[in-house]
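Residue strings, one per chain:
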Amino acid sequence: MNVKSPTHTTMTRLIPPLTIWAIGKILDLPSVKGSVMELDGHAYKRRHDVVRSLKKGVKNARSNGTWLAAGAAAIAIGIGLMAKATRSK
């Protein structure tokens, strides 16, 4: 029979809230706050650049629809020719 003391039970109940409190205090330090804000800035810039690039690609595809269709047809023909070449004779 494994009986746990009341002190052990109390300590195991206190550990999670104390850990969260300690992490919150560490994240509130000025040096850590600056680093976190810098990381957030990099992540936001990457996301902004990706969205901008995607919008630019869609705009280019809309304004060059005939070239897009010709390119898609060329890819389809190329795949068909490769499939034909790999068939056994």
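Since we're looking at a predicted model, the values are computed, not measured.

Re the overall build of the protein
Piece 1. Counting its regular elements, the protein contains three helices and zero strands.
Piece 2. With respect to the three principal axes, the spread of C-alpha positions in the protein is 80 × 45 × 20 Å.
Piece 3. Counting only residues that meet the buried cut, the protein has 0% of its 89 residues in that class.
Piece 4. Summed over all atoms, the accessible surface of the protein reaches about 8500 Å², with 68% contributed by carbon and sulfur.
Piece 5. Distance between charge centres in the protein, computed from 15 positive and 4 negative side chains, equals 17 Å.

Some remarks on the pattern of salt bridges
Piece 1. Taken as a whole, this structure holds one salt bridge when the rule is applied.
Piece 2. Across the salt bridge formed by K45 and D49, the nearest N and O atoms sit 3.1 Å from each other. With K45 and D49 both in helix 2 (residues 30–63), this residue pair falls four residues apart, about one helical turn.

Comments concerning a nonpolar patch on the surface
Piece 1. Taken together, the side chains of M11, L14, L18 and W21 define a hydrophobic patch exposed on the protein surface, amounting to about 450 Å² of accessible area.
Piece 2. Among the secondary structure elements, M11 is positioned in helix 1 (residues 6–27).
Piece 3. On the basis of relative accessible area, M11 is assigned to the partly exposed category, the value being 47%.

Conventions adopted
- Residues numbered from 1 in each chain as written.
- Predicted model: local features only at pLDDT ≥ 70, side-chain atom pairs only at ≥ 80, totals over all residues.
- Heavy atoms only, no water.
- Helix = DSSP H or I, 4+ residues; strand = E, 2+ residues; numbered from the N terminus.
- Buried < 20%, exposed > 50% of the residue type's maximum accessible area, 1.4 Å probe, protein only.
- Areas by Shrake-Rupley, 256 points an atom, 1.4 Å probe, with all protein chains shown as cover.
- Lys, Arg positive; Asp, Glu negative; His and termini not counted.
- Charge placed at Lys NZ, Arg CZ, Asp CG, Glu CD.
- Salt bridge = Lys/Arg side-chain N within 4 Å of Asp/Glu carboxyl O.
- Patch = residues over 30% accessible without salt bridge, like charges linked within 9 Å, V, L, I, M, F, W, Y side chains within 5 Å.

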